[in-house]
Amino acid sequence: MEKKIEEAKVKIRVYKQKENAIVQIEDNAKGISEKIKDKIFEPYFTTKEEGKGTGIGLYMTKTIIENNMGGKISMKNCNDGACFIISVPLVIKDKNE
Ligand SMILES: Nc1ncnc2c1ncn2[C@@H]1O[C@H](COP(=O)(O)OP(=O)(O)OP(=O)(O)O)[C@@H](O)[C@H]1O
Ligand SMILES: [Mg+2]
């Protein structure tokens, strides 16, 4: 199911916190229910109708951020939507160091 939001908005904030770059992406699409919150980063998990979503979007996002950028991604509901928080170290440490 996809929701129809009258005045759809996406707010993006980028700022530095200690040694990390933080990117916060917030929308007003009513958020994500507790029931599925833990599954959204799993591959092939989608609530879109058949043929519309692959369920790969957030899985790929998380994989790239964690495995290639040494960062983290989390999600929480805020105000009237979902809020994704990405934290990426400004200096990527070499795995062999
Ligand atoms: N901003 C959001 N607001 C509400 N639900 C969301 C949001 N982002 C993701 N979801 C939920 O998490 C599920 C998984 O998201 P993901 O991006 O991995 O796949 P998808 O969007 O369904 O498919 P695709 O990325 O292939 O279009 C979605 O189907 C939806 O239920
Ligand atoms: Mg998606």
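About the thresholds
Residues numbered from 1 in each chain as written. Chains lettered and ligands numbered in written order. Predicted model: local features only at pLDDT ≥ 70, side-chain atom pairs only at ≥ 80, totals over all residues. Heavy atoms only, no water. UniProt positions renumbered as here; feature names shortened; annotations may be inferred. Core = buried A, V, L, I, M, F, W, Y, C linked by side-chain atoms within 4.5 Å. Buried < 20%, exposed > 50% of the residue type's maximum accessible area, 1.4 Å probe, protein only. Helix = DSSP H or I, 4+ residues; strand = E, 2+ residues; numbered from the N terminus. Expected span 1.5 Å × (residues − 1). 1 Å grid on protein atoms, 1.4 Å probe; cavity = no way out; pocket = protein on both sides within 12 Å on 5 of 7 lines; lining within 4 Å. Points joined across faces, edges and corners; volume = space filled by probe spheres on them. Nonpolar A, V, L, I, M, F, W, Y, C, P; charged D, E, K, R; others polar. Salt bridge = Lys/Arg side-chain N within 4 Å of Asp/Glu carboxyl O. Near = heavy atom within 4 Å. Polar contact = N/O pair within 3.5 Å; in protein donor to acceptor, adjacent residues only side chain to side chain. Areas by Shrake-Rupley, 256 points an atom, 1.4 Å probe, with all protein chains shown as cover. Sits in = over half its atoms within 2 Å of the grid points.

If you check an unreviewed UniProt entry, the protein appears there as histidine kinase from Malaciobacter halophilus. In its Catalytic activity (unreviewed entry) section, the UniProt record describing the protein reads: "ATP + protein L-histidine = ADP + protein N-phospho-L-histidine."

Turning next to the nonpolar core. In terms of nonpolar packing, the biggest core is built from ten residues, these being Ile 32, Ile 40, Phe 41, Ile 65, Ile 73, Met 75, Ala 82, Phe 84, Ile 86 and Val 88. Counting residues per element, the ones that place at least two in this core are β3 (72-78) and β4 (81-89). Take this core: its biggest share by element is four residues, from β4.

Moving on to helix α2 (residues 57-68). The terminal C-alpha atoms of α2, which comprises twelve residues, lie 16 Å apart, in line with the 16 Å expected from a rise of 1.5 Å per residue. Gly 70 sits one or two positions beyond α2 and adopts a positive phi of about 65 degrees.

This next bit is on the layout of surface pockets. Rolled over the atoms, a probe with the dimensions of a water molecule shows which regions are left empty. One number sums up the size of the largest pocket: a volume of about 850 Å³. Of all elements in the fold, only β2 (20-27), α2 and β4 reach the threshold of two or more residues within the lining of the largest pocket. Here the residues of the lining of the largest pocket are counted per class, giving 15 nonpolar, eight polar and five charged.

A few words on the pattern of salt bridges. Within the structure shown, the criterion is met by four salt bridges. Note that Glu 26 is salt-bridged to Arg 13, the shortest N-O span being 3.5 Å. With Glu 26 in strand β2 and Arg 13 in strand β1 (residues 10-17), the pair connects residues that are 13 residues apart, well separated along the chain. Arg 13 sits in the partly exposed class, given a relative accessible area of 34%.

A few words now on the site of ligand 1. The environment of ligand 1 is made up of 16 residues, and the closest members are Asp 27, Thr 46, Thr 47, Lys 48 and Thr 54. Take Gly 57: an N or O atom from its main chain is 3.3 Å from an oxygen atom of ligand 1. Between an oxygen atom of ligand 1 and a main-chain N or O atom of Leu 58, the distance comes to 2.8 Å. Contact with the protein chains removes 77% of the 600 Å² of surface that ligand 1 exposes when unbound. Using a 2 Å cut-off from the grid points, one finds that ligand 1 occupies the largest pocket. Among the secondary structure elements, those contributing two or more residues to the shell around ligand 1 are α2 and β4. Taken together, the residues of the shell around ligand 1 sort by class into seven nonpolar, seven polar and two charged.

Even without being a glycine, Tyr 44 presents a positive backbone phi close to 70 degrees. Among the structural elements, Tyr 44 can be located in the loop between α1 (34-37) and α2. Here Asn 79, not a glycine, exhibits a phi torsion of approximately 50 degrees, which is positive. Looking at Asn 79, the relative accessible area reads 71%, which means it is exposed.

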